[in-house]
Amino acid sequence: MRIEEATILPNSVWKHRSVLDLDDFTREEVELVFHTADAMGEVLGREIKKVPTLRGKTVATLFYEASTRTRVSFELAAKSLGADISNIAAATSSVTKGETLIDTARTLQSLGIDLIIMRHSQSGAPYLVQDNVEIRLINAGDGWHAHPTQALLDLYTVMKHKGTVNGLKIAIIGDILHSRVARSDILGLSLMGASVFLCGPATMIPLTWRHSEPSAGGQNAARFRTVQRVEEALDQADVIMLLRQQMERQQAGLLPSIREYIHLYQLTLERLCLARPDAMVMHPGPVNEGVEIASNLSHCASSVIEEQVSNGVAIRMALLYLLLAGGKKD
Amino acid sequence: MPEKVILTSDDMARALVRLAHEIVEHNRGHKDLVFVGLLTRGAPLAHRLAKTLAIHGAADIPVGTLDISLYRDDVSTASLQHQVRRTEIPVSVNEKNIVLVDDVLYTGRSIRAAMDAVIDLGRPRSIQLAVLVDRGHRELPIRADYVGKNVPTALTEEVIVRLMETDGKDEVVIVGKED
Amino acid sequence: MVDNFDYIVLKGGRLFDPSQNLDRIGDIVLGQGKILWWGERGAIPRDITEKAPKVQIIDVTGLTLTPGFIDLHCHLREPGFEEKETIASGSRAAARGGFTTICCMPNTNPPLDSAAAVEYVYRRAAEATLIRVLPIGCITRGRKGEQLAEMAELYEAGVVGYSDDGNPVMNSSLMLHALEYSTSFGLPVVDHCEDLSLSAGGAMNEGAVANMLGLKGIPQAAEEVIVARDIVLARSVKARLHLAHVSTAGSLEIIKRARESGANITCEVTPHHLCLTEETVKGYNANAKVNPPLRTSEDVRALSEGLNAGIIDAIATDHAPHTLEDKLCEFDSAASGISGLETAFACLLSLSKGLSFQTIISALTSRPAEILRPRNGKSPLSARIPPHLGTLRIGAPADVIALDTEKSWKVDPAEFLSKGRNTPLAGMTLKGKVVATFAGGKIAYMDTGEKSKTK
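Source: prediction; values computed, not measured.

Peer 1: What should I look at first to understand the overall build of chain C in this one?
Peer 2: A tally of helices and strands in chain C yields 16 helices and 18 strands. On C-alpha atoms alone, chain C measures out to a radius of gyration of 21 Å, which is about the 23 Å that the 2.2 N^0.38 rule sets for 455 residues. Dimensions of chain C, computed from C-alpha atoms along their principal axes, come out at roughly 65 × 50 × 40 Å. In chain C, 75% of the contacts between residues at least 6 apart in sequence involve partners at least 24 apart.

Below you can see the structure in the form of structure tokens.
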């Protein structure tokens, strides 16, 4: 039998002090996250889902946008690694008294917090913190811009089912313009070699992507195509990623009605059959039953939506480990 | 740096056979025995011990592998990070006699971490330790129950174990480390 | 350090004045607030200086002398926002940037929609005794876009034009009435062209960079539809329309066609729209957040060509100072604006493409002067503005600046005389420095070479 040498990672593989986006991730780094998540998955499978790795470390969640599932996912991840975690909901904290984002981050840093997990409704907010405060960050979603941990867990879920992401046809359907999940997924999927097809209402595809030209990006310039009809996106797709439709968009005049969205883009059984028989159906959640996906389908055999949630904890544990364990204290 | 071979392939084979028999003798048989090899090189050694005993009639001793990365006590200060791998133990550890298997026993910290890991998985009846080489210089009160060879070393020296499964050959060498 | 001699002789400089096609080495004499003489080196007639009580002779060999710059569009924030800028600090900043005449926008608090407010600005400018400050009055009361401001009162108080800048007048009917009503006074309506329903929520130019950053974009159409609308409205009532801070190639196209058919339209462009693109915003640089936003390189190219071709009349800074807190926050929440008076010249000289020195200088001197020139010799404004601005003609006001076109310097906002330190040029090394500014024959600014760190 042959066993692989335990890889001691030279610093050249994992270069991140914070994870704000996937712009500068290499394939090796993404694979490292996956391998680490594998090990974390084993811990989560035990009766006592706890290891002492990050004992003595304190992380804080700083959520300016309400979110139960992502916050709890990070909380479980931190606790499984033995870290202490403090949750700060912006609405109840001194933020409402006018304390700025930078001040809040500085306060947390002086309180000895090792890492902040931040979600904010404005794109760019975590970069503002990173530019002004010496503290490690994980971006749990900023405005429309990025949601790197979601993209990593999505990629991981695909990887676990298909063995690879390279060469797969992925359809991303819905409100791409306003979706940080879509942006990060597109970057991550392109990096790992997938062929991405975007489809959604014209008012919800970014102007520069509507005619399927690749956009300017970081080192991982996105490679994808935009198609008009959902049937074309779904044809022989290996993976279907559905984006959440926010009801407010109709008010803003972007859609005539939800009914029309359903008519044109909802994943129905009939449409699902256009994809490959072993296609995976994914959704970042929470799912609007009867809108993005027909009511009976979200729990069908092809749906991996629940796996995404459990993979999310393992991926977040992996990131916390890679950011906080090892490395000289700085 | 010049290497000095302290165990040849034959030496190792003989030591492992002896260890296997000592373990069975001490445990009065092989019932409830589980070998748990510490990744990386403890794992193939654990498999070899189980196979040796299988040849001698004690078939099917379970073998697991253990990654201690998540239990290390130098997690914050190690300047290099270790890639974490899965711990896989095919049976419950409750009420079992766990024999940890590692290639070199040195400061004892890895073993301390391994014990914590095993105890997190359940309540074993006993935890024992088998090592191929004991090079001394303990920093914790840990001792091996079964030792292939005692090799006194200086702190400036390094003991390198090479195995067919991981390195393509079997040998144990001592190397003087450059300061 | 402002010493005031009665007469100043500037010797041996390159005299450069587009209004007279002047480009030669020579001497120039300033006295009694006017340009008394210019000509060949060493050839100053004795009778010019013999009556002078004191004469200061300054050797300006190697420097270029031009008329003082005229800024048609800046924000001085006083009254109401003195933490961002005051008329005094803004005047000092303007002088450092080579500007001897500046026109300030009425988005103050209270806004400049009454004679009292306009007189307040004139008074404060006089107290600063530095450069010429000319207020622009509001189009609508309170800049609310609901009712016309009292344009006659503002005219009599001496405004140079009317603007709701910061905002457009969204209601087309009201804008039409404003343009109609303004024709009685012969002053231009200065238009901030932005359709608020199209730009709503936007933080930067709509395009590839906005998409990459996940920021809502302001489409080019938001400017172009109002440019088109207001040109149509202005022509229908034969009003004078001046379009502020033009930023897109599309707007330029529309303006070009209107001017070709004889419409009375003038327009201005900012230094940053001639030199920077949306790429500057990358990294969520709030100092690059400005309205209208920085656009694409195609727009920059079109605007430069438009300036060269005379379709764009003037360069105006749209100097918009903000406090540190206004900019040190999330990009969407950050205030829009660039503090540009002190970097305008160097930015244009170093970063623009395809603009000749002649074009730059005339766009900052003779061409804005032409826009400001009172069309009615008896207007209250003509009592405030001397004739012959933006020129080195003999008899013109002694508004002269000395430029070192070769000097490289690093933009350090801590050295700014403006209270606003918000510039995307921070840290850049640019070429071209204003060495001295003379306003009305007095030294308004002199670069001593010492680094001053003003609070």
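On we go from here.
Peer 1: Hey, could you run me through the domain arrangement of chain C in this one?
Peer 2: Quoted interface sizes are often the accessible area lost when the parts come together. Residues and elements named next belong to chain C. Each assigned domain of chain C is listed here: domain 1 (7-66 + 393-446) and domain 2 (68-384). Across the boundary between the two partners, domain 1 contributes 30 residues, which contact 43 residues of domain 2. Among the secondary structure elements, those contributing two or more residues to the side of domain 1 that touches domain 2 are β16 (400-410), β17 (429-439) and β18 (442-446). For the side of domain 1 that touches domain 2, the element with the most residues is β17, which contributes seven residues. Across the side of domain 1 that touches domain 2, the residue classes break down as 16 nonpolar, nine polar and five charged.

Peer 1: Please clarify how the interface of chain C and chain A should be interpreted in this entry.
Peer 2: The interface is formed by 16 residues belonging to chain C together with 22 residues belonging to chain A. Residue composition of the side of chain C that touches chain A, grouped by class: eight nonpolar, five polar and three charged.

Peer 1: Whenever I open this one, the packing of helix α2 (residues 87-96) of chain C against helix α3 (residues 115-128) of chain C confuses me. Can you help?
Peer 2: In a pair of packed helices, the angle between the axes and the distance between the axes together describe the arrangement. Residues and elements named next belong to chain C. In contact at an axis separation of 9 Å, α2 and α3 are set at 55° when each is read in the N-to-C sense. By the criterion of interaxial angle, the relationship of α2 to α3 is oblique. Our pair here, α2 against α3, has a crossing hand that is right-handed. In this structure, α2 contributes Ile87, Ala88 and Ser91 to the contact, and α3 contributes Val121, Arg124, Ala125 and Ala128.

Peer 1: What am I meant to see in helix α3 (residues 101-110) of chain A here?
Peer 2: One turn of an α-helix holds 3.6 residues; hence residues three or four places apart share an orientation. All names here are of chain A. The set of residues buried in α3 consists of Leu101, Thr104, Ala105 and Leu108. The arc that holds the buried residues of α3, viewed along the axis, is 95°, so those residues lie on one side. Residues of α3 that are buried in the fold lie against β2 (58-63), β4 (115-120) and α4 (125-132). Where α3 terminates, the next one or two residues include Gly112, which has phi positive at roughly 90°.

Peer 1: Any chance you could explain the nonpolar core here in plain terms?
Peer 2: One recurring pattern in soluble globular proteins is that nonpolar side chains are buried together. Formed by 297 residues in total, the largest nonpolar core has its most connected members in A:Ile116, A:Ile170, A:Ala171, A:Ile172, A:Ile240, A:Leu320 and B:Val36. Sort the elements by how many residues they give to this core and helix α11 (residues 305-324) of chain A lands first, with 12 residues. Sequence-distant contacts of B:Val36, defined by excluding residues within four places in its chain, comprise B:Ala46, B:Gly64, B:Leu66, B:Ile89, B:Ile98, B:Val99, B:Leu100, B:Val101 and B:Val118.

Peer 1: Which parts of the structure should I look at to understand the pairing of β4(A)?
Peer 2: One face of the sheet, then the other: side chains in a regular strand alternate in exactly this way. Residues and elements named next belong to chain A. Buried residues dominate β4, accounting for six of its six residues. Sheet topology note: the β2/β4 ladder contains five bridges and is parallel. Bridging from a neighbouring strand, Val59 pairs with Leu115 of β4. With five bridges connecting them, β4 and strand β5 (residues 136-142) associate as parallel partners. When the sheet's bridge partners are listed, Ile117 is paired in β5 with Ile138.

So, how was this worked out
Residues numbered from 1 in each chain as written. Chains lettered and ligands numbered in written order. Predicted model: local features only at pLDDT ≥ 70, side-chain atom pairs only at ≥ 80, totals over all residues. Helix = DSSP H or I, 4+ residues; strand = E, 2+ residues; numbered from the N terminus. Rg over C-alpha atoms; globule rule 2.2 N^0.38 Å. Contact = placed C-beta atoms within 7 Å. Domains from an automatic or database assignment. Nonpolar A, V, L, I, M, F, W, Y, C, P; charged D, E, K, R; others polar. Axes fitted to C-alpha atoms, helices over the stretch in contact; angles between N-to-C directions. Parallel < 35°, antiparallel > 145°, perpendicular 65-115°, else oblique. Left-handed = near helix turned anticlockwise from the far one by under 90°. Buried ≥ 20, exposed ≤ 12 C-beta atoms within 10 Å, placed from the backbone. Arc of directions from axis to C-beta. Core = buried A, V, L, I, M, F, W, Y, C linked by C-beta atoms within 7 Å. Pairing = 2+ DSSP bridges.

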